[in-house]
Amino acid sequence: MSSPNTGPQGGLVGRSQESPLTAIGCDFRRASSAWREVLITSPVERKALHDAIRRSDPEAGFMAVETCNRVEWVVSTEDSAWIGELLHAQMLDRWCARFGDHAELPTLERYSGRAAAEHLFRVAAGLESLAQGEAEIAGQLQASLQRAQDEGTSTRVLNGLGRFMGGIAKTSQRMGFRSSFNRGIHVLTAWFLERRLGAGTRRTIAVAGMGEIGRKTADFIEQHLGYSVLRFNRTLGGHEESWRSLDALPEALADVEALVIATGARQPPLDEETFRRCSTDAPLLVMDLGIPRQVGAGARALPSLRYHPVDALVEVRNPEEDAGRARLEEAIAQQVARFNRFCLERHVVGLLRVAQEKRLDLIRGDVDVLVQDRMRDTDPATRARVADLLREVVRSYAHDVFQSVHDALEEGWKNARDQD
């Protein structure tokens with residue numbers, strides 16, 4: 001039998017050192033948008049991935065995180081090494097199918113156990129974003145989890161992970177690191193446009209897509225750059241006075257200096273025909289915030305466009321944002337310990353529930369049935385005394401079991417705290 005202190009696979013105390021998680025993927029630092037968009041999954045593909053994972057671990061859960069910054073596959077599993085290899089191979093296969101077997105592939109990042117939990121909490125806090133401190137990432141993570149729940153690929157571990165990610169996101173907001181308006185892709189987009197078009201000038205910008213990022217981008221550009229903004233969306237939904245239909249975008253492009261696209265479509269909604277009115281004499285500046293990209297391949301190559309994917313925002317990114325960073329790093333370490341505790345508890349919740357149910361069954365009836373069956377030739381008083389003794393034995397044994405589990409949990413939590 002393994003000693004309880006032998007490491008991640010050595011019983012309850014050992015298990016407390018690690019979270020049953022694996023995360024693999026890439027962000028803006030590892031792969032460009034052209035590579036990241038190949039990893040975007042459809043519902044059918046996510047189901048196939050989950051089915052493949054469950055052939056190795058029937059209890060595993062799967063969640064795909066897909067944002068303009070990153071694409072990562074997150075799995076709850078005790079078999080991190082094998083599942084990690086499976087996911088790694090799947091991502092490489094997708095890239096090779098698109099770019100060829102001899103292409104120089106980006107490097108994937110892979111995390112498992114405690115490192116996976118820490119990484120995901122850093123993402124939720126806004127520390128790993130292209131725009132550090134962005135508020136949108138917390139909602140995107142929760143949307144990824146909700147999709148996994150809707151598709152039936154989530155587990156208790158992933159559901160718990162969502163609660164802990166939400167908690168660290170709120171902590172980051174309270175500490176002043178995350179901001180809904182002063183930090184985010186919309187801010188970097190405004191600074192990028194200002195660098196290209198000039199400060200203190202009167203410009204007209206089109207923003208296509210009035211989701212959360214599109215609305216923030218349009219508002220920030222107006223308020224901080226003083227540019228005039230034309231807003232476009234597929235549906236107007238009561239905004240007829242301030243928004244225009246996306247169908248009207250091609251005609252309006254002749255009157256704007258730049259276009260920001262944030263529609264979030266799975267297929268490019270803008271093609272060569274969209275930009276037919278643009279002139280090569282004054283190429284249109286296009287900032288594409290989408291993953292997958294929102295401008296078709298043919299249109300991206302037009303001489304009448306100066307096309308930039310979301311990766312271009314790296315040039316205006318400040319990776320040294322430090323407001324609240326030290327305290328936030330400490331809070332993340334504490335959240336990792338809490339999540340480890342949650343994961344440890346999950347191993348014994350079912351055991352304790354079954355033990356409690358069996359204890360009650362024995363005390364309330366099974367003992368009496370056993371005594372009546374095996375001691376039918378003895379007098380009722382003797383049978384009653386034996387039944388009472390047996391019930392006391394059951395109570396004592398159950399108490400010892402519960403205490404042993406409690407002690408193991410406490411030891412695991414102590415080790416987790418010591419590591420932090």
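Notes on the structure follow. (Residues numbered from 1 in each chain as written. Predicted model: local features only at pLDDT ≥ 70, side-chain atom pairs only at ≥ 80, totals over all residues. Heavy atoms only, no water.)

1. With respect to the packing of helix 8 (residues 185-197) against helix 9 (residues 212-225)
Turning to step 1, where the next piece is worked out: The N-to-C vectors of helix 8 and helix 9 enclose an angle of 45°; their axes lie 8 Å apart at closest approach. The angle between helix 8 and helix 9 falls in the class oblique. In the packing of helix 8 onto helix 9, the handedness of the crossing is right-handed. Facing Ile185, His186, Val187, Thr189, Ala190, Trp191, Leu193 and Glu194 of helix 8, the residues of helix 9 in contact are Ile213, Lys216, Thr217, Phe220, Ile221, His224 and Leu225. (Axes fitted to C-alpha atoms, helices over the stretch in contact; angles between N-to-C directions. Helix = DSSP H or I, 4+ residues; strand = E, 2+ residues; numbered from the N terminus. Parallel < 35°, antiparallel > 145°, perpendicular 65-115°, else oblique. Left-handed = near helix turned anticlockwise from the far one by under 90°. Contact = heavy atoms within 4.5 Å.)

2. Thoughts on the pattern of salt bridges
Turning to step 1, where the next piece is worked out: This model, assessed by the stated rule, comprises 28 salt bridges.
Turning to step 2, where the next piece is worked out: A salt bridge links lysine 47 to aspartate 51; its shortest N-O distance comes to 2.9 Å. Of the two residues, lysine 47 and aspartate 51 both sit in helix 3 (residues 43-56), four residues apart, roughly one turn of that helix.
Turning to step 3, where the next piece is worked out: For lysine 47, a relative accessible area of 52% corresponds to the exposed category.
Turning to step 4, where the next piece is worked out: For aspartate 51, a relative accessible area of 31% puts it in the partly exposed group.
Turning to step 5, where the next piece is worked out: Measuring nitrogen to oxygen at the nearest pair gives 3.9 Å for the salt bridge that ties glutamate 392 to arginine 395. You can see glutamate 392 and its partner arginine 395 sitting in helix 13 (residues 380-419), three residues apart, about one turn around the helix.
Turning to step 6, where the next piece is worked out: Shared partners join several salt bridges into a network, and the residues in it are Asp27, Arg29, Arg70, Glu72, Arg122, Glu128, Arg325 and Glu329. (Salt bridge = Lys/Arg side-chain N within 4 Å of Asp/Glu carboxyl O. Buried < 20%, exposed > 50% of the residue type's maximum accessible area, 1.4 Å probe, protein only.)

3. Details of the packing of aromatic side chains
Turning to step 1, where the next piece is worked out: This structure, assessed with the given rule, holds eight aromatic pairs.
Turning to step 2, where the next piece is worked out: For the ring pair tryptophan 35 and phenylalanine 99, a centre distance of 4.0 Å and an interplane angle of 40° mean the geometry is tilted. A residue pair is termed long-range when its members are at least 10 positions apart, and tryptophan 35 in helix 2 (residues 33-36) and phenylalanine 99 in helix 4 (residues 80-99) qualify at 64 residues.
Turning to step 3, where the next piece is worked out: With a relative accessible area of 15%, tryptophan 35 lands in the buried category.
Turning to step 4, where the next piece is worked out: Where phenylalanine 62 meets tryptophan 73, the ring centres are 6.2 Å apart and the plane angle is 65°; that geometry is what we call edge-to-face. Of the two residues, phenylalanine 62 sits in strand 2 (residues 61-66) while tryptophan 73 sits in strand 3 (residues 70-76), which places them eleven residues apart along the sequence. Taken as a pair, phenylalanine 62 and tryptophan 73 share a single burial class, namely buried.
Turning to step 5, where the next piece is worked out: An aromatic cluster is defined as three or more aromatic residues linked by ring pairs; in this entry it consists of Phe121, Phe164, Phe339 and Phe342.
Turning to step 6, where the next piece is worked out: The positively charged end of arginine 183 is found above the aromatic ring belonging to phenylalanine 177, 5.0 Å away from the centroid. (Phe/Tyr/Trp six-rings, centres within 6.5 Å; stacked < 30°, edge-to-face > 60°. Lys NZ or Arg CZ within 6 Å of the ring centre and 35° of its normal.)

4. Quick look at empty space enclosed by the protein
Turning to step 1, where the next piece is worked out: Using the criterion set out here, one finds one cavity of 30 Å³ or more in the structure.
Turning to step 2, where the next piece is worked out: Space inside the largest cavity adds up to approximately 30 Å³.
Turning to step 3, where the next piece is worked out: The wall of the largest cavity is formed by Arg46, Phe62, Met63, Ala64, Ser144, Arg147, Ala148, Glu151 and Thr153.
Turning to step 4, where the next piece is worked out: Among the elements of the structure, strand 2 and helix 6 (136-150) are those that each provide at least two residues to the lining of the largest cavity.
Turning to step 5, where the next piece is worked out: Partitioning the lining of the largest cavity into residue classes produces four nonpolar, two polar and three charged. (1 Å grid on protein atoms, 1.4 Å probe; cavity = no way out; pocket = protein on both sides within 12 Å on 5 of 7 lines; lining within 4 Å. Points joined across faces, edges and corners; volume = space filled by probe spheres on them. Nonpolar A, V, L, I, M, F, W, Y, C, P; charged D, E, K, R; others polar.)

5. A closer look at the layout of surface pockets
Turning to step 1, where the next piece is worked out: Here the largest pocket defines a volume of roughly 560 Å³.
Turning to step 2, where the next piece is worked out: Surrounding the largest pocket, 23 residues form its lining, Glu66, Thr67, Gln140, Ile213 and Gly264 being those nearest its centre.

6. With respect to the sheet that holds strand 5 (residues 204-208)
Turning to step 1, where the next piece is worked out: As summarised here, the arrangement of the six strands in space is 7-6-5-8-9-10, forming an open sheet in which the pairing is parallel. The open sheet terminates on both sides in strands that have one partner only, identified here as strand 7 (243-245) and strand 10 (305-309). Across the sheet, the axes of successive neighbouring strands diverge by a mean angle of 25°, strand direction being ignored.
Turning to step 2, where the next piece is worked out: Both strand 5 and strand 6 (residues 228-233) contribute to a ladder of five bridges, which runs parallel. Bridging from a neighbouring strand, valine 207 pairs with arginine 231 of strand 6.
Turning to step 3, where the next piece is worked out: Packed on one face of the sheet, helix 8 meets strand 5, strand 8 (258-261), strand 9 (284-288) and strand 10 and runs near 160° to strand 9.
Turning to step 4, where the next piece is worked out: Against the sheet, helix 9 engages strand 5, strand 6, strand 7 and strand 8, with an angle of about 170° to strand 6. (Pairing = 2+ DSSP bridges.)

7. Looking at the pairing of strand 2
Turning to step 1, where the next piece is worked out: Extensive coverage of strand 2 is indicated by the burial of six of its six residues.
Turning to step 2, where the next piece is worked out: Along strand 2, one buried face is formed by Gly61, Met63 and Val65 and the opposite face, lined by Phe62, Ala64 and Glu66, is buried too.
Turning to step 3, where the next piece is worked out: Sheet topology places strand 2 next to strand 3; six bridges connect them, and they run antiparallel. Each bridged residue has a counterpart across the sheet, and for glycine 61 the counterpart in strand 3 is serine 76.
Turning to step 4, where the next piece is worked out: As consecutive antiparallel partners, strand 2 and strand 3 are separated by three residues.

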